[in-house]
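# Structure at a glance
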Amino acid sequence: MKKPKQNKTPEFVIFSEDGFFTGLANGGQPQWSMEIKNGKSFNNECKLGALQYVVGAKELLIEYIN
């Protein structure tokens, strides 16, 4: 029996003037890279809101990758 085809959720990376978000380190400090290949991919836009809370007033944008 075949599994029904699931809709793939589009993935995106989060970026700011500091570069692409790569993760949190050193007690929750956001880490950034200027290369998109190092950016952490997400598939849930709620993560954007959570990261916005961490970085404060810095403007965050998303770029869909697929």
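Before reading on, note that the structure itself is shown above.
Structure report, in brief.

Rules used throughout
Residues numbered from 1 in each chain as written. Predicted model: local features only at pLDDT ≥ 70, side-chain atom pairs only at ≥ 80, totals over all residues. Heavy atoms only, no water. Helix = DSSP H or I, 4+ residues; strand = E, 2+ residues; numbered from the N terminus. Rg over C-alpha atoms; globule rule 2.2 N^0.38 Å. Buried < 20%, exposed > 50% of the residue type's maximum accessible area, 1.4 Å probe, protein only. Contact = heavy atoms within 4.5 Å. Areas by Shrake-Rupley, 256 points an atom, 1.4 Å probe, with all protein chains shown as cover. Lys, Arg positive; Asp, Glu negative; His and termini not counted. Charge placed at Lys NZ, Arg CZ, Asp CG, Glu CD. Phe/Tyr/Trp six-rings, centres within 6.5 Å; stacked < 30°, edge-to-face > 60°. Salt bridge = Lys/Arg side-chain N within 4 Å of Asp/Glu carboxyl O.

Assigned secondary structure in the protein chain consists of 1 helix and 5 strands. Tracing the protein chain from N to C terminus, the helices and strands come up as β-β-β-β-α-β. Radius of gyration (C-alpha) of the protein chain: 14 Å, far over the 11 Å computed for a compact globule of 66 residues. For the C-alpha atoms alone, the extent of the protein chain along its principal axes is close to 50 × 25 × 20 Å. Across the 66 residues of the protein chain, 23% fall into the buried class. Intrachain contacts of the protein chain at a sequence separation of at least 6 include 56% that bridge at least 24 residues. Total accessible area on the protein chain stands at roughly 5200 Å², and carbon and sulfur atoms take up 51% of it. In the protein chain, 8 side chains carry a positive charge and 7 a negative one; their mean positions are 17 Å apart.

The full count for this structure, using the stated rule, is 5 aromatic pairs. By the ring-pair criterion, three or more aromatic residues cluster together here, those being Phe12, Phe21, Trp32, Phe42 and Tyr64.

Time to look at the pattern of salt bridges. If you walk through the whole model with that rule in mind, you get 2 salt bridges. The closest approach of N and O atoms between Asp18 and Lys58, which form a salt bridge, is 2.3 Å. Of this pair, Asp18 sits in the loop between strand 1 (12-16) and strand 2 (19-25) while Lys58 is found in the loop between helix 1 (46-55) and strand 5 (61-64), placing the two residues 40 residues apart along the sequence. Residue Lys58 is classed as partly exposed on the basis of its relative accessible area, which comes to 23%. Across the pair Lys37 and Glu35 runs a salt bridge whose closest N-O atoms are separated by 3.6 Å.

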